[in-house]
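# Reading the structure
Residues per chain are reported as follows:
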Amino acid sequence: LLKGVCAGAREIGLEVVLPVCSHGDMPLVVARKQVDGVIRLLGQDEVDQRRTACPLPWVSVLFDVPEADVVTVDNFAGARKVGRHLCGLGHRKVAFIGPESAMALERLAGLRAALNEVGVNLPDERVRLRAWAGGEESAIAMVDDILKAHPFAKGGRPFTALVAYNDYMAVAALRHLRSRGIRVPEDLSVAGFDGAVPRGFRGIKVTTSTIPLELMGAEAVAILDRRLRNAKGPRQRVVLDTEIFPGETVVPLAGGPQVT
């Protein structure tokens, strides 16, 4: 993402300043208006708690914040691609884990739409949503919760694929499932979203719906440049498509589709 921002800025003669800040605090160069505009990759907590105020023109990346221009992705269509990929490989019993957020609900809706296309559904009993979820600890807790309600016992599989809100959660789920003796992808397929696995992960390639991060960064710069040139212009909203990356964590279902 930052690579795309820097490349886009070079093309139009803008300088990128990357300040160090913590805990969501506004950098001093922004608070003092020592830069012309801001590109922000917000956290879910900042959005939920409405800590999004900015004294300068700004572009939000991913999160569709009403008071800012935005570059985001089609979360519904991206997750539907994941669902269609699963369905194409015979999967019908699917589970989902993620945070209680608008973006997660969009992805869940897209996954459900794909399953509906082949005549099945994703019941609420196989969905786990939690506030502030998104990382390893929450992913493990939700996986344990689903497995408690739907145990893998004596070779039985209550569901054949698990879709996570993002790749971080997918990797955490993958590792935890294996620690519990459930093989991925032999016993259970796992898919994510974003195309950004945790730093240092060198394991199996995760099946995911990839976000064009470099393009997103470049688009954010272009949007900000237009805003600086036309401060009173209409709000800009650019929506990019995702692409399915087959990976190695989803395999065809042996014996054909299983219907709930």
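What comes next concerns the included structure.

What counts as what
Residues numbered from 1 in each chain as written. Predicted model: local features only at pLDDT ≥ 70, side-chain atom pairs only at ≥ 80, totals over all residues. Heavy atoms only, no water. Axes fitted to C-alpha atoms, helices over the stretch in contact; angles between N-to-C directions. Helix = DSSP H or I, 4+ residues; strand = E, 2+ residues; numbered from the N terminus. Parallel < 35°, antiparallel > 145°, perpendicular 65-115°, else oblique. Left-handed = near helix turned anticlockwise from the far one by under 90°. Contact = heavy atoms within 4.5 Å. Patch = residues over 30% accessible without salt bridge, like charges linked within 9 Å, V, L, I, M, F, W, Y side chains within 5 Å. Areas by Shrake-Rupley, 256 points an atom, 1.4 Å probe, with all protein chains shown as cover. Salt bridge = Lys/Arg side-chain N within 4 Å of Asp/Glu carboxyl O. Buried < 20%, exposed > 50% of the residue type's maximum accessible area, 1.4 Å probe, protein only. Nonpolar A, V, L, I, M, F, W, Y, C, P; charged D, E, K, R; others polar. Pairing = 2+ DSSP bridges. Core = buried A, V, L, I, M, F, W, Y, C linked by side-chain atoms within 4.5 Å. Phe/Tyr/Trp six-rings, centres within 6.5 Å; stacked < 30°, edge-to-face > 60°. Lys NZ or Arg CZ within 6 Å of the ring centre and 35° of its normal. Expected span 1.5 Å × (residues − 1).

## Side note on the packing of helix α6 (residues 136-149) against helix α7 (residues 167-179)
Packing of α6 against α7 leaves a shortest axis separation of 8 Å and a crossing angle of 55 degrees. On the basis of the axis angle, α6 is oblique to α7. Seen along the crossing, α6 lies across α7 with a hand that is right-handed. Side by side, α6 and α7 meet where Glu136, Ser138, Ala139, Ile140, Met142, Val143, Asp144 and Leu147 of the first sit next to Met169, Ala172, Ala173, His176 and Leu177 of the second.

## Quick look at a nonpolar patch on the surface
On the surface, Leu2, Val16 and Leu18 cluster together into a nonpolar patch covering about 270 Å² of accessible area. With respect to the helices and strands, leucine 18 occurs in the loop between α1 (2-12) and α2 (28-31). Its relative accessible area of 64% is what places leucine 18 among the exposed residues.

## Things to note about the pattern of salt bridges
Counted according to the given criterion, the structure contains 12 salt bridges. Residues arginine 107 and aspartate 194 are paired through a salt bridge, measuring 3.3 Å at the closest nitrogen-oxygen approach. Of this pair, arginine 107 sits in helix α5 (residues 102-117) while aspartate 194 sits in the loop between β7 (189-191) and β8 (208-210); the two residues are 87 residues apart in sequence, bridging distant segments of the chain. By relative accessible area, which is 2% here, arginine 107 ends up buried. Aspartate 194 sits in the buried class, given a relative accessible area of 16%. For the salt bridge of aspartate 124 with arginine 112, the shortest nitrogen-to-oxygen distance reads 2.6 Å.

## Considerations on the packing of α1 against helix α8 (residues 213-229)
It is the contact of α1 with α8, at a shortest axis distance of 6 Å, that shows an interaxial angle of 40 degrees. Considering their axes alone, α1 and α8 lie oblique with respect to each other. At the point where α1 passes α8, the crossing takes the right-handed sense. For the pair formed by α1 and α8, the contact residues are Lys3, Gly4, Val5, Gly8, Ala9 and Ile12 on the first element and Glu214, Gly217, Ala218, Val221 and Asp225 on the second. When grouped by side-chain class, the residues that make up the contact of α1 with α8 number five nonpolar, three polar and three charged.

## With respect to the sheet that holds strand β9 (residues 237-240)
Spatially, four strands are ordered β1-β2-β3-β9 in an open sheet, and the strand pairing comes out parallel. If you trace the sheet from one side to the other, it starts and ends with β1 (38-40) and β9, each paired once. Looking at each pair of strands side by side, their axes are set apart by 15 degrees on average, direction ignored. Alignment of strand β3 (residues 69-73) against β9, held across four bridges, turns out to be parallel. Bridge assignment links valine 71 to a residue of β9, and that residue is valine 238.

## Some details on the nonpolar core
Val71, Ile97, Leu162 and Leu177 are the most contacted members of the largest nonpolar core, which has 67 residues in total. Here this core takes seven residues from α7, the largest share from any one element. Not counting the four nearest positions on each side in its chain, leucine 162 is found in contact with Ala95, Phe96, Ile97, Val143, Ala173, Leu177, Leu188, Ser189, Val190 and Ala191.

## Quick look at the sheet that holds β7
Hydrogen bonding along the main chain pairs the strands of a sheet, whether they run parallel or antiparallel. Strand order in this open sheet of four strands is β5-β4-β6-β7, and the pairing throughout is parallel. Either end of the sheet is taken by a strand with one partner, and the two such strands are β5 (127-130) and β7. This sheet shows a mean twist of 15 degrees between the axes of neighbouring strands, independent of strand direction. Bridging between strand β6 (residues 161-164) and β7 involves three bridges; their strand directions are parallel. Within β7, the residue paired with valine 163 across the bridge is alanine 191. Those strands touched by α6 are β4 (94-99), β5 and β6, and its axis lies near 145 degrees from that of β5.

## A short note on the packing of aromatic side chains
Applying the stated criterion to the full structure yields one aromatic pair. Of note, arginine 107 hangs over the ring of tyrosine 165, and the distance from its end group to the ring centre comes to 4.6 Å. Above the face of the phenylalanine 193 ring, arginine 107 is positioned so that its terminal group lies 3.8 Å from the ring centre.

## Quick notes on α8
Spanning 17 residues, α8 covers 25 Å between terminal C-alpha atoms, matching the ideal 24 Å at 1.5 Å per step. Among the residues making up α8, those that are buried are Met216, Gly217, Ala220, Val221, Ile223, Leu224, Asp225 and Arg227. Looking at the buried side of α8, the elements it contacts are α1, β1, β2 (58-61), β3 and β9.

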